[in-house]
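# Structural description and commentary
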Amino acid sequence: MPRTLRIAAMSILPLLLSSACAAQRPASPEIEARIRRVESGLLTFHAVRGETGGQSIAERMRYHRVPGVSVAVINDGRIEWARGWGEAHAGSGIRVDTATLFQAASISKPVAAVAALRLVQEGRLALDEDVNARLRSWQVPASSLTAAEKVTLRRLLSHSAGTTVHGFPGYAAGVPVPSTVQVLEGEPPANTRPVRVDTLPGSLWRYSGGGYTIAQLLMADVTGRPFAELMREQVLEPAGMRHSTYAQPLPADRAGQAATAHRADETPVAGNYHTYPEQAAAGLWTTPSDLARLAIEVQRAYNGETGLILTPETARLMLTTQSGSYGLGFGVSGEGDSLRFEHGGSNQGFRAFFLAFAETGKGVVVMTNGENGAELGMEILRAVAREYGLPGYPVRERDAIRMEPAALGAYAGGYTTVPDGDGPAVQVDVEADGDGLRITVASAGWNRRPLRASAPDTFFFLDIPGEIVFSRDASGGVTGATLTRQGQRIPLVRR
């Protein structure tokens, strides 16, 4: 039996209200000191051993070219602080604050899963029956695969139903937006393929936004409610997520509260952001504080309190691994004090990350309005983890050697990938800078990424995993390199 959260015993509603107000009250001197340590101590993927300290959030926002970021930190079962930095729209002067709306992207999925599980609690849905038994406006196409094993809600929520379509690009402002059935059928104006079962249901884990779109239609069919209204009634209002909405497109009267999506070069997305009719998979507009309120609701239910949304039994089921590393909606890993539930989000021009610990009442939510926000978000998360003792995010220290400027200059210049018939060669530029090198790959959105030497001719990235090893000819001149990243070895030749 999970142990009770270390928070004072009181009713759920006052706790929700206090959490809702916590971000607006001035922080105590002790908490302000913690915030300052986080915002001035961002940690890159690798840290050089012996070089102490971190970088400021302002420095890293400029480096990653992310206009705005918002953060909420959960400690001892409450929102301890929430802050925003930067601009909602680059160059506008409109500051990000704790009420600024961001697209949650795929974090929409676990929030939708909470609603589905509440409907299971109420007896209106069942986890393990064929979803076609309750779908009314569309049916999962029959095949030999669905005859052998059924598509069930449990499998949809845990990405094990065998369904296709990984994710959705959204719809630019001003273009026609499809209905849910058109998305599932891949019919115009849908811009993705039909959602089909092409793998035996239950046989493997495979991420599927298409599967969550089936779950979206299932919930709407069973309740007879538009999905955005259903989510407001079942989850958003009970959890105190007063800023949040699944309305797609975002209503005009909420547009002034929304952050603009930005590309990797910090230019705004045309029309400010895309529309996502695949609401359960990608359509939630929210704030870090609102997502933190949901995390607290799940934490309390998991630890035995009968919450406003989930029973303890349902919360524990949600955070029990079903397939791969997923429970019902969330990724789940660890055990005891390290048991965490989490999810990332990536829509056009938005990146977000949600992390909460089931038993300790801790967590953090980071939301950004830039394509490079995932890396910035992880740096913030590592700084929060160091400050609050969150397990699973250690500082990765590496030894680096110092090289003379002339030696570093030998690597500077232009390189190109070796054409392999699958596309044009990619241009890579390397420059010497201070104690190391910087690499730019414009086509990949890499802008002067820093490298440090672990040995002559061998350099590791500071802000991402990976390394580059330079090669020389018989006379000692640098002729090329091999870049290793995410298991790929990419040969480069000097231009």
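See the structure printed just above.
As the structure is a prediction and not an experimental result, all values here were calculated from the model. (Residues numbered from 1 in each chain as written. Predicted model: local features only at pLDDT ≥ 70, side-chain atom pairs only at ≥ 80, totals over all residues. Heavy atoms only, no water.)

### Describing the overall build of the protein chain
- Each helix and strand in the protein chain was counted, giving 14 helices and 18 strands.
- Projected onto its principal axes, the C-alpha positions of the protein chain cover 75 × 60 × 45 Å.
- Within the span of the protein chain, comprising 495 residues, buried residues form 55% of the whole.
- Of the contacts made within the protein chain by residues no fewer than 6 positions apart, 63% connect residues no fewer than 24 positions apart. (Helix = DSSP H or I, 4+ residues; strand = E, 2+ residues; numbered from the N terminus. Buried < 20%, exposed > 50% of the residue type's maximum accessible area, 1.4 Å probe, protein only. Contact = heavy atoms within 4.5 Å.)

### Here's the deal with the side chain of Thr245
- Checked against the element boundaries, Thr245 lands in the loop between helix H9 (227-236) and helix H10 (279-282).
- In terms of polar contacts, Thr245 uses its side chain to reach the backbone amide nitrogen of Ala247, at 3.0 Å.
- Each residue touching Thr245, except ones within four places of it in the same chain, is listed here: Leu236, Leu250, Arg254, Gly283, Leu284 and Trp285. (Polar contact = N/O pair within 3.5 Å; in protein donor to acceptor, adjacent residues only side chain to side chain.)

### Focus on the sheet that holds strand E16 (residues 467-472)
- Read once around its circumference, the closed barrel built from 8 strands follows the order E11-E12-E13-E14-E15-E16-E17-E18, with strand pairing classed as antiparallel. Put simply, the sheet's adjacent strands are angled 30° from each other on average, direction ignored.
- Of the strand pairs in this sheet, strand E12 (residues 427-433) and strand E13 (residues 436-441) are connected by 5 bridges, and their pairing is antiparallel. By the bridge assignment, Glu431 is partnered in E13 with Arg438. (Pairing = 2+ DSSP bridges. Axes fitted to C-alpha atoms, helices over the stretch in contact; angles between N-to-C directions.)

### Quick word on the packing of aromatic side chains
- Under the definition given, this model contains 16 aromatic pairs.
- A centroid spacing of 5.1 Å and a plane angle of 75° characterise the contact between Tyr411 and Phe459, whose relative ring orientation is edge-to-face. Of this pair, Tyr411 sits in the loop between helix H14 (405-409) and strand E11 (413-417) while Phe459 sits in strand E15 (residues 458-461), and the two are 48 residues apart along the sequence. With respect to class, Tyr411 is no different from Phe459; both count as buried.
- By way of ring pairs, the aromatic residues Phe102, Tyr273, Trp285 and Phe350 are connected into one cluster.
- Seen from the ring of Tyr388, Arg34 lies directly overhead, with NZ or CZ sitting 3.9 Å from the centre. (Phe/Tyr/Trp six-rings, centres within 6.5 Å; stacked < 30°, edge-to-face > 60°. Lys NZ or Arg CZ within 6 Å of the ring centre and 35° of its normal.)

### Quick look at the sheet that holds strand E7 (residues 340-347)
- Here 6 strands make up an open sheet; going across it, the order is E3-E2-E9-E8-E7-E6 and the pairing antiparallel. The two strands at the open ends of the sheet, each matched to only one other strand, are strand E3 (78-86) and strand E6 (331-333). Within this sheet the neighbouring strands show an average axis-to-axis angle of 15°, counted without direction.
- Examined bridge by bridge, strand E8 (residues 350-357) and strand E9 (residues 363-368) share 6 bridges and lie antiparallel to one another. Each residue of the ladder has a partner; that of Leu355, found in E9, is Val364.
- Packing of helix H11 (residues 288-302) onto the sheet brings it into contact with strand E2 (68-75), E3, E7, E8 and E9, and relative to E2 it is tilted by some 25°.

### With respect to unusual backbone geometry
- Residues Pro188 and Pro189 are joined by a peptide bond in cis, for which omega reads 10°.
- Along the chain, the position of Pro189 falls in the loop between helix H7 (180-185) and helix H8 (209-223).
- Omega for the peptide link from Gln248 to Pro249 comes to 0°, which places this bond in the cis form.
- For Pro249, the position within the fold is in the loop between H9 and H10.
- Even without being glycine, Val165 reaches a positive phi, approximately 70°.
- Tracing the chain through its elements places Val165 in the loop between helix H6 (153-157) and H7.
- Classification of Val165 by relative accessible area gives buried; the value is 15%.
- Of note in this structure, Gln486 is not a glycine but carries a positive phi near 50°.
- Counting through the fold element by element, Gln486 comes out in the loop between strand E17 (478-485) and strand E18 (488-494).

### Some thoughts on the environment of Ile107
- With respect to the element layout, Ile107 can be found in the loop between strand E4 (102-103) and helix H4 (108-121).
- In the structure, Ile107 is positioned 245 residues away from Ala352 in sequence and 7.8 Å away in space, judged by C-alpha atoms.
- Residues in contact with Ile107, not counting those within four places in the same chain, are Leu291, His343, Gly344, Gly345, Ala352, Phe353 and Phe354.

### What to know about the pairing of E11
- Counting buried positions along E11 gives 4 out of 5 residues, so the element sits mostly inside the fold.
- Two elements, E11 and E12, share 4 bridges in a ladder whose sense is antiparallel. Considered in E12, the bridge of Tyr415 is made with Val428.
- Sheet topology note: the E11/E18 ladder contains 3 bridges and is antiparallel. Note on E18: the bridge partner recorded for Thr416 is Val493.

### Structural notes on the environment of Ala295
- Of note, Ala295 is situated in helix H11.
- In this structure Ala295 comes out as buried when scored by relative accessible area, which is 0%.
- C-alpha separation for the pair Ala295 and Gly480, spaced 185 residues apart in sequence, amounts to 49 Å.

### Considering the pattern of salt bridges
- Within the structure shown, the criterion is met by 32 salt bridges.
- Residue Glu371 is joined to Arg351 by a salt bridge in which the shortest nitrogen-to-oxygen separation is 2.4 Å. Separated by 20 residues along the polypeptide, Glu371 in the loop between E9 and helix H13 (373-388) and Arg351 in strand E8 bring together distant segments of the chain.
- Linked through salt bridges whose partners overlap, the residues forming this network are Arg34, Arg37, Arg78, Glu80 and Glu387. (Salt bridge = Lys/Arg side-chain N within 4 Å of Asp/Glu carboxyl O.)

### Observations concerning the pairing of E18
- One ladder, built from 6 bridges, connects E17 with E18; its direction is antiparallel. In the sheet register, Leu483 faces E18, and the bridge partner there is Ile490.
- The hairpin turn running from E17 into E18, its antiparallel successor, is 2 residues long, and Gln486 in that turn takes a positive phi close to 50°.

Functional significance is not addressed by these values, which are geometric in nature.
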